[in-house]
Amino acid sequence: MLKKFIAKTADLFLGLLVGIYIVLEELVWDNIAEPIYNFIHGLKILQKVEAMISRLDRHALLIIFLALFTQVELLGIVALKLMATGQIIAGTLLYAGKIPIAAFTFWLFNISKEKLMTFGWFRRLYELVMLAIHKIKSSAIHRHIIARLKSVKEWFKIRLSGPRLLVRRLMEKLRSSDHFRKSDS
């Protein structure tokens, strides 16, 4: 009886972790943060900043990274708290506002990872986080939810293909009629 309760509680906890991970990975990172990260990474001015950062001492890098990381995580916690207390719009805006900072922090981590990993405790924490992510991604519940999400995305794609095609044709007609008006003048 106790083993069943513990197993059910562990499954519930894992399901919660998987749900949070999927929301953050699939919705926030893939659709919002990654494009911001790619934009930041491509800025020419940041290449100068990248060179300056690479010259920094590992301790200075650690302080900068931890300050940014802590800020991002605290903003996320406050945003989730706001949402949980019914302040959905404020929580969503705060969460959306932290995304560029998170993308910058991820960029900073990527360019200074080698130096940050020279701290043994940091490397062990990083490996622990990566192990947890691996366990979440390899869990049956994660695979089931991802498969279900893919089928829902496919269903939406099929359902929205007609209206999307209609809008595309309408836009083409508007452009062509606008083109004729400009050539008549």
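Quick caveat, the model's predicted, so the values are computed rather than measured.

### So, the overall build of the chain
Line of reasoning, step 1. Of regular secondary structure, the chain possesses six helices and zero strands.
Line of reasoning, step 2. Across the chain, helices and strands are ordered from the amino to the carboxyl terminus as α-α-α-α-α-α.
Line of reasoning, step 3. The buried share of the chain, taken over its 185 residues, is 19%.
Line of reasoning, step 4. A separation threshold of at least 6 residues defines the contact pool for the chain, and within that pool the share at least 24 residues apart is 71%.
Line of reasoning, step 5. Carbon and sulfur atoms make up 70% of the accessible area of the chain, which totals about 13800 Å².

### What to know about a nonpolar patch on the surface
Line of reasoning, step 1. A cluster of nonpolar side chains, namely W121, L125, L128 and L131, defines an oily patch on the protein surface of about 400 Å² accessible area.
Line of reasoning, step 2. Within the secondary structure, W121 sits in helix α5 (residues 120–138).

### A look at the packing of helix α2 (residues 44–54) against helix α4 (residues 88–116)
To characterise two packed helices, one gives the angle between the axes of the helices and the distance between these axes.
Line of reasoning, step 1. Between α2 and α4, whose axes approach to 10 Å, the crossing angle comes to 30°. With respect to α4, the element α2 is oriented roughly parallel. In the crossing of α2 with α4, the sense of the turn from one axis to the other is right-handed. Residues L46, V49, E50, I53 and S54 of α2 form the contact with α4, whose participating residues are W107, L108, I111 and K115.
Line of reasoning, step 2. Broken down by class, the residue content of the contact of α2 with α4 amounts to six nonpolar, one polar and two charged.

### Points about the packing of aromatic side chains
Aromatic rings considered in pairs are described by the distance between their centres and by the relative angle of their planes.
Line of reasoning, step 1. Under the defined criterion, the tally for this structure stands at eight aromatic pairs.
Line of reasoning, step 2. Summarising the aromatic geometry, the rings of F65 and F69 are spaced 5.7 Å apart at their centres and angled 20° between planes, so their arrangement reads as stacked. On the criterion of helical spacing, the pair formed by F65 and F69 is a turn pair, its members being four residues apart in helix α3 (residues 58–84).
Line of reasoning, step 3. Looking at F69, the relative accessible area reads 38%, which means it is partly exposed.
Line of reasoning, step 4. On the basis of an interplanar angle of 40° and a centroid distance of 5.6 Å, the ring pair of F65 and F109 is categorised as tilted.

### Notes on the environment of R58
Line of reasoning, step 1. Mapped onto the fold, R58 is located in helix α3.
Line of reasoning, step 2. Taking C-alpha positions, R58 is 8.7 Å from F119, a pair spaced 61 residues apart along the chain.
Line of reasoning, step 3. Setting aside residues no more than four positions away along its own chain, R58 makes contact with K115, T118 and F119.
Line of reasoning, step 4. Side-chain polar atoms of R58 contact the side chain of T118, separated by 2.8 Å.

### A few points about the nonpolar core
Line of reasoning, step 1. Ranked by size, the top nonpolar core spans 13 residues in total, and within it F65, L108, F109, L116 and F122 carry the most contacts.
Line of reasoning, step 2. When contributions to this core are tallied by element, the ones reaching two or more residues are α2, α3 and α4.
Line of reasoning, step 3. Setting aside residues no more than four positions away along its own chain, L108 makes contact with I53, L61, I64, F65 and L68.

### Details of the confidence of the model for the chain
Line of reasoning, step 1. With 79% of its residues at a pLDDT of 70 or more, the chain has an overall mean of 79.
Line of reasoning, step 2. Mean pLDDT in the chain bottoms out at helix α1 (residues 2–42), which sits at 67, and peaks at α3, which reaches 92.

### A word on the packing of α3 against α4
Line of reasoning, step 1. Relative to each other, α3 and α4 sit at 160°, their axes nearing to 8 Å. As the angle between them shows, α3 and α4 are arranged roughly antiparallel. Considering how the two elements wind past one another, α3 and α4 form a crossing that is left-handed.
Line of reasoning, step 2. In terms of residue class, the contact of α3 with α4 is built from 22 nonpolar, six polar and three charged.

The rules behind these values
Residues numbered from 1 in each chain as written. Predicted model: local features only at pLDDT ≥ 70, side-chain atom pairs only at ≥ 80, totals over all residues. Heavy atoms only, no water. Helix = DSSP H or I, 4+ residues; strand = E, 2+ residues; numbered from the N terminus. Buried < 20%, exposed > 50% of the residue type's maximum accessible area, 1.4 Å probe, protein only. Contact = heavy atoms within 4.5 Å. Areas by Shrake-Rupley, 256 points an atom, 1.4 Å probe, with all protein chains shown as cover. Patch = residues over 30% accessible without salt bridge, like charges linked within 9 Å, V, L, I, M, F, W, Y side chains within 5 Å. Salt bridge = Lys/Arg side-chain N within 4 Å of Asp/Glu carboxyl O. Axes fitted to C-alpha atoms, helices over the stretch in contact; angles between N-to-C directions. Parallel < 35°, antiparallel > 145°, perpendicular 65-115°, else oblique. Left-handed = near helix turned anticlockwise from the far one by under 90°. Nonpolar A, V, L, I, M, F, W, Y, C, P; charged D, E, K, R; others polar. Phe/Tyr/Trp six-rings, centres within 6.5 Å; stacked < 30°, edge-to-face > 60°. Polar contact = N/O pair within 3.5 Å; in protein donor to acceptor, adjacent residues only side chain to side chain. Core = buried A, V, L, I, M, F, W, Y, C linked by side-chain atoms within 4.5 Å. pLDDT = per-residue confidence, 0-100.

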